[in-house]
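# Structural features, examined
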Amino acid sequence: MMRLRHVRTTAPGAHTARAGTRGPFRGAKVALTAALTAAALTLAACGTAATGAQPSPAPPAEPSSAASSGTDPSGGHGLHSTGEPAPAAALREGERFATVGMPAPYTPKPPNGGTDEYRCFMIDPALGKGETFLTGAQFTAKNTQVVHHAILFTVPPENVAKVRAVDAAADGEGWTCFGDAGVRDASWIGHWAPGANEVLLDPKLGYSMREGSMIVMQVHYSTLALDGAPAGADQSSVRLRLASGPRTPLSTELLAAPVELPCTEQESGALCEREAAVTDVGKRFGEESVTNVQGLVEGCAKGKARPGPTQHCDMTSPAAFTLHAMAGHMHLLGRSIKVELNPGKKDGRTLLDVPDYNFDNQELRPLAEPVSVRKGDVLRVTCTHDAGLRAQLPLLKELPPRYVVWGEGTQDEMCLGIAVASASS
């Protein structure tokens, strides 16, 4: 799921399009005027609770290596929430809890013959007077059989009427929102995926929400594991950690690379042809998804798709900023993901390294110390996927084999670094 926009990359020909995830660093002296990616994309199939320098108590246990990448020998699909969040860490000075959720139950109805639906719901966080900061969030899935991920967006008060109009025009509860919040000027303030619990950063940091702002909660529903059985209704909720008083505003920035994963030598079929696979993604999620696949190739690989398990993208930062936490996201065929700053240079360093990626453990990782990124610095995201896992995964092995490209569905893939950042003063 994604939206692209103007960016500057180290590769020529960066793709141009629109994104609903980005917000400038409101209240900061320096704004990050563009995403850090050749294709800044909202998380299509998960993430973490990327808010507010220590994890909450009782983090999820590290899965065994046998379950890595969802290859659970017991036959589990390694996909959905347990519905049991970790206990809440104590409130810090100026903080309060507010638990909010979907206004009414919703039963997923994946469109276009697919098994994935992205549905957005407007939620009133009842912020009160003045500016409020989101310093933590813990999502709880109600229907754990179908909830695949959730993203929280904040909508400023001047745009709330437009969101209400979108909601009113859609049939049933909420509205369809493949890619982002389905509305303009909505900023990403938190997200959840399997293995993620509330993560607290420095209490001086938080996502800014002005008085009268609303929250849009995007939920990705996947019915792939149901094998045709009815989905059942969902009414998920989120516990918000809200704070008053001055804080440094945060932003979520997204670093994406292409996915160009051919079928294995043992596989064959119509969808093993790249053109057919890209067309299929467009059929399930709309023509903009096809544009996104092409945009990643243009911006990261000089316009030429290079089939192979490992892909990367170099991105030049358009402004100075500070990094506080990182996470990586792929789907079930993901093997490893790494994010580097100025790779190959004397001042180069690794910001995120997940050599044994596990879909069931997509935690947000606070950096040991904040990292300053200068204007012109290069950020590189690198992912390795393994098409051979498809034959091992109960969730995928009965599906037709395919050339895998970037896509919003569980059977598609992503290569996404997620950065929690603030503007440099």
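Our structure is the block above this text.
Residues numbered from 1 in each chain as written. Predicted model: local features only at pLDDT ≥ 70, side-chain atom pairs only at ≥ 80, totals over all residues. Heavy atoms only, no water.

## Some words on the overall build of the chain
Here is the rule we go by: Strands are runs of DSSP state E lasting at least two residues, helices are runs of H or I lasting at least four, and both sets are numbered from the N terminus onward. When a residue's accessible area, from a 1.4 Å probe over protein chains only, is under 20% of the maximum for its type it is buried; when over 50% it is exposed; and in between it is partly exposed.
A tally of regular secondary structure across the chain gives three helices and 22 strands. Taken over 425 residues, the chain has a buried fraction of 59%.

## Examining the sheet that holds strand β12 (residues 248-249)
Applied cut-off: Two strands form a pair only when DSSP identifies at least two bridges running between them.
The five strands are arranged β2-β11-β4-β9-β12 in an open sheet whose pairing can be described as mixed. Every interior strand has two partners, whereas the edge strands, β2 (95-101) and β12, have only one. Bridge analysis of strand β4 (residues 132-140) against strand β9 (residues 205-209) gives three bridges, and the strand direction is antiparallel. Paired with L134 across the strands is Y207, a residue of β9.

## Comments concerning the side chain of R390
How we decide: Note on contacts: a residue pair qualifies if any of its non-hydrogen atoms lie within 4.5 Å across the two residues.
As for its position among the elements, R390 is in the loop between β20 (378-385) and β21 (404-405). For R390, a relative accessible area of 5% gives the class buried. Contact partners of R390, with chain neighbours within four places excluded, come to C263, E267, L333, L396, K397, P401, R402 and V404.

## Focus on unusual backbone geometry
Located in the positive-phi region is D227, a residue other than glycine, with phi close to 55 degrees. Of note, D227 is situated in the loop between β10 (214-222) and β11 (237-243). Positive phi outside glycine occurs at N342, with the angle close to 50 degrees.

## Observations concerning the packing of aromatic side chains
Let me state the cut-off plainly: Ring pairs shown here join Phe, Tyr and Trp side chains whose ring centres sit within 6.5 Å, with only the six-membered ring taken for Trp; geometry is labelled stacked below 30 degrees between planes, edge-to-face above 60, and tilted in between.
Counted by the stated rule, this structure contains six aromatic pairs. Between the aromatic rings of F139 and W192, the centroid separation amounts to 5.3 Å while the plane-to-plane angle is 35 degrees, which identifies the pairing as tilted. Highlighted residues: F139 in strand β4 and W192 in strand β7 (residues 187-192), separated in sequence by 53 residues. The same class applies to F139 and to W192, which are both buried. With a centroid separation of 5.2 Å and an interplanar angle of 70 degrees, the aromatic rings of F178 and F285 are classed as edge-to-face. In this pair, F178 sits in the loop between β6 (175-176) and β7 while F285 sits in helix α2 (residues 274-285), placing the two residues 107 residues apart along the sequence. What makes F178 buried here is its relative accessible area of 10%.

## Thoughts on the state of the cysteines
For clarity, the cut-off: Counting rule for disulfides: a pair of cysteine sulfur atoms within 2.5 Å.
Counted according to the given criterion, the structure contains four disulfides. A sulfur-sulfur separation of 2.1 Å characterises the disulfide bridge that pairs C263 with C272. Every disulfide takes its handedness from the sign of the S-S torsion; for C263 and C272 that torsion is -95 degrees, giving left-handed. Among the residues examined, C263 registers a relative accessible area of 17% and is labelled buried. The residue that forms a disulfide with C383 is C415, at a sulfur-sulfur distance of 2.1 Å. Because the sign of the S-S torsion sets the handedness, a value of about 85 degrees for the bond joining C383 and C415 places this disulfide among the right-handed ones. Of this pair, C383 sits in strand β20 while C415 is found in the loop between β21 and β22 (416-423), placing the two residues 32 residues apart along the sequence. Assessed through its relative accessible area of 0%, C415 is described here as buried. With cysteine numbering restricted to those in disulfides and following the sequence, the chain has the pairing 1-2, 3-4, 5-6, 7-8.

## A look at the nonpolar core
Filter applied, for reference: To form a nonpolar core, buried Ala, Val, Leu, Ile, Met, Phe, Trp, Tyr and Cys residues must be joined to one another through side-chain atoms within 4.5 Å.
Formed by 106 residues in total, the largest nonpolar core has its most connected members in L323, M326 and V381. With residues up to four places along the chain from it excluded, the contact list for M326 reads L255, V339, L351, L352, E363, L364, R365, L367, I418 and A419.

## As for the environment of Q411
In plain terms, the rule: For this analysis, a polar contact is any N or O atom pair within 3.5 Å, provided that within protein one partner can donate a hydrogen and the other can accept it, and provided that sequence-adjacent residues contribute only side-chain to side-chain pairs.
As for its position among the elements, Q411 is in the loop between β21 and β22. With a relative accessible area of 15%, Q411 lands in the buried category. Here the alpha-carbon distance between Q411 and P401, two residues 10 residues apart in the chain, equals 9.7 Å. In this view, Q411 contacts T115, R284, L396, L399, R402 and V404; residues no more than four positions away in its chain are not counted. In terms of polar contacts, Q411 uses its side chain to reach the side chain of R402, at 3.1 Å.

## Let's talk about the sheet that holds strand β16 (residues 321-329)
We count it as follows: Axis definition: a line fitted to C-alpha atoms, over the contacting stretch in the case of helices. Angles run 0 to 180 degrees between N-to-C directions.
Strand order in the open sheet made by the four strands is β13-β22-β16-β19, with antiparallel pairing throughout. The open sheet is flanked by β13 (251-256) and β19 (365-373), the only strands paired with a single partner. If you compare each strand with its neighbour and ignore which way they point, the axes differ by 35 degrees on average. Of the strand pairs in this sheet, β16 and β19 are connected by five bridges, and their pairing is antiparallel. Bridge pairing links T322 to S372 in β19.

## Let's talk about the environment of S237
Structurally, the position occupied by S237 is in strand β11. Along the backbone, S237 and P103 are 134 residues apart, and their C-alpha atoms lie at a distance of 9.5 Å. Contact partners of S237, with chain neighbours within four places excluded, come to T99, V100, G101, Q138, F139 and T140.

## A look at the pairing of strand β3 (residues 116-123)
On a regular strand, each side chain points to the face opposite its neighbour's, so the side chains alternate between the two faces of the sheet. In terms of burial, β3 is largely enclosed, as eight of its eight residues are buried. Judged by which residues are buried, β3 turns out to be covered on both faces: D116, Y118, C120 and M122 on one side and E117, R119, F121 and I123 on the other are all buried. Taken together, the eight bridges between β3 and β10 define a ladder with antiparallel strand orientation. Counterpart to C120 in the pairing with β10 is Q218. Bridging between β3 and β6 involves two bridges; their strand directions are antiparallel. Among the inter-strand pairings, C120 is bridged to a residue of β6, identified as W175.

All we've got here are geometric facts, nothing functional implied.
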